[in-house]
Amino acid sequence: MDTHPYVKLATEAVHYFLLKRKLLPCPSPLPPDMDYRAGIFISIKIKKNNDLRGCIGTIESNQDNLAKEIIKNAVSAATRDPRFKPITIEELDKLSFSVDILSPLEPINDSDKLNPRRYGLSIKSEGKQGILLPDLEGIDTPEKQIAICLKKANIPKNSLYQMYRFEVKRYN
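So, here's what we can say about the structure. These numbers were taken from a predicted model, which means no experiment stands behind them.

Thoughts on the sheet that holds strand β6 (residues 128-132)
Sheets are built from strands paired through backbone hydrogen bonds, the pairs being either parallel or antiparallel.
(1) Moving on: Taken in spatial order, the four strands make up an open sheet running β4-β7-β5-β6, and their pairing is antiparallel. Only two strands of the sheet have a single neighbouring strand rather than two, namely β4 (106-108) and β6. Neighbour-to-neighbour, the strand axes of this sheet turn through a mean angle of 25°, independent of strand direction.
(2) Moving on: Relative to β6, strand β5 (residues 120-125) runs antiparallel, the two being bridged by five bridges.

Spelled out as structure tokens, the structure:
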């Protein structure tokens, strides 16, 4: 099975950074399927047991194009996720990467508009924000999604908050 170009770029970006301690240059010419802007998340897992090893992303694009967004977020997922030690070059071949391209956030006012398999969730309140990708193991109800987002953002359950849903296209 061929590796998707997004996943290949994310993997190359981390390898390059671990070797040279600088970001991989943006592909030139830019592939047509990377010449747009979107929020993305990069997830890195251990192949052997599928445990998470790093995950960082952006809800909205911070870069000029998708390629730069993938490069920057892949390196951040590998080296800056506060839950994990930075990835080393020695473990790179034991890891798998996925790239999630996010749709724009859509405000919702009711948990009935959520489906944890289809939609991710972002909750915002007083400058705090919690986000959760869709289709995660063990998260099968809107109530679980909401509880996890509130906890991640340290937002009390009885606070006023705004919910946003989004879809992702996941590339492995």
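Section: the packing of aromatic side chains
(1) Moving on: Under the defined criterion, the tally for this structure stands at one aromatic pair.
(2) Moving on: Both rings, one in Tyr-6 and one in Tyr-171, keep their centres 4.9 Å apart while their planes meet at 80°; by these two values the pair is edge-to-face. Here the residue Tyr-6 occupies a position in helix α1 (residues 5-20), and Tyr-171 occupies one in strand β8 (residues 168-171), the gap between them amounting to 165 residues. With respect to class, Tyr-6 is no different from Tyr-171; both count as buried.
(3) Moving on: Across from the ring centre of Tyr-164, 4.9 Å away, lies the NZ or CZ of Lys-124, which sits over that ring.
(4) Moving on: In this structure, Arg-165 packs its charged tip against the face of Tyr-119, placed 4.1 Å from the ring centre.

Structural notes on the environment of Thr-58
(1) Moving on: Looking at where Thr-58 falls in the secondary structure, it is placed in the loop between β2 (52-57) and α2 (66-79).
(2) Moving on: A residue is classified by how much of its surface remains accessible, and Thr-58, at 11% relative accessible area, is buried.
(3) Moving on: Taking C-alpha positions, Thr-58 is 5.5 Å from Ile-40, a pair spaced 18 residues apart along the chain.
(4) Moving on: Once you skip the residues sitting within four places of it in the chain, Thr-58 turns out to touch Gly-39, Ile-40, Phe-41, Glu-69, Asn-73 and Leu-102.
(5) Moving on: Side-chain polar atoms of Thr-58 contact the side chain of Glu-69, separated by 2.6 Å.
(6) Moving on: A distance of 3.2 Å separates a polar atom in the side chain of Thr-58 from a polar atom in the side chain of Asn-73.

Focus: the environment of Gln-145
(1) Moving on: Looking at the element boundaries, Gln-145 is found in helix α3 (residues 142-153).
(2) Moving on: The buried category is assigned to Gln-145, whose relative accessible area is 1%.
(3) Moving on: Measuring from C-alpha to C-alpha, the distance between Gln-145 and Ile-108 comes to 14 Å, with 37 residues separating the pair along the chain.
(4) Moving on: Setting aside residues no more than four positions away along its own chain, Gln-145 makes contact with Leu-114, Asn-115, Pro-116, Tyr-119, Gly-120, Leu-121, Leu-132 and Ile-139.
(5) Moving on: Among the polar contacts listed, one links the side chain of Gln-145 to the backbone oxygen of Tyr-119, at a separation of 2.8 Å.

So, the sheet that holds strand β1 (residues 40-46)
(1) Moving on: Strand order in the open sheet made by the four strands is β2-β1-β3-β8, with antiparallel pairing throughout. The open sheet has two free edges, formed respectively by β2 and β8, since each of these has just one partner strand. Ignoring strand direction, the axes of neighbouring strands in this sheet form an average angle of 15°.
(2) Moving on: The sheet contact formed by β1 and β2 spans five bridges and is antiparallel. Looking across to β2, one finds that Phe-41 is bridged to Gly-57.
(3) Moving on: Sitting on the sheet, α1 is in contact with β1, β3 (95-102) and β8, with an inclination near 125° to β3.
(4) Moving on: Each of β1, β2 and β3 is contacted by α2, which is oriented at about 40° to β1, the strand it contacts most.

What counts as what
Residues numbered from 1 in each chain as written. Predicted model: local features only at pLDDT ≥ 70, side-chain atom pairs only at ≥ 80, totals over all residues. Heavy atoms only, no water. Pairing = 2+ DSSP bridges. Helix = DSSP H or I, 4+ residues; strand = E, 2+ residues; numbered from the N terminus. Axes fitted to C-alpha atoms, helices over the stretch in contact; angles between N-to-C directions. Phe/Tyr/Trp six-rings, centres within 6.5 Å; stacked < 30°, edge-to-face > 60°. Buried < 20%, exposed > 50% of the residue type's maximum accessible area, 1.4 Å probe, protein only. Lys NZ or Arg CZ within 6 Å of the ring centre and 35° of its normal. Contact = heavy atoms within 4.5 Å. Polar contact = N/O pair within 3.5 Å; in protein donor to acceptor, adjacent residues only side chain to side chain.

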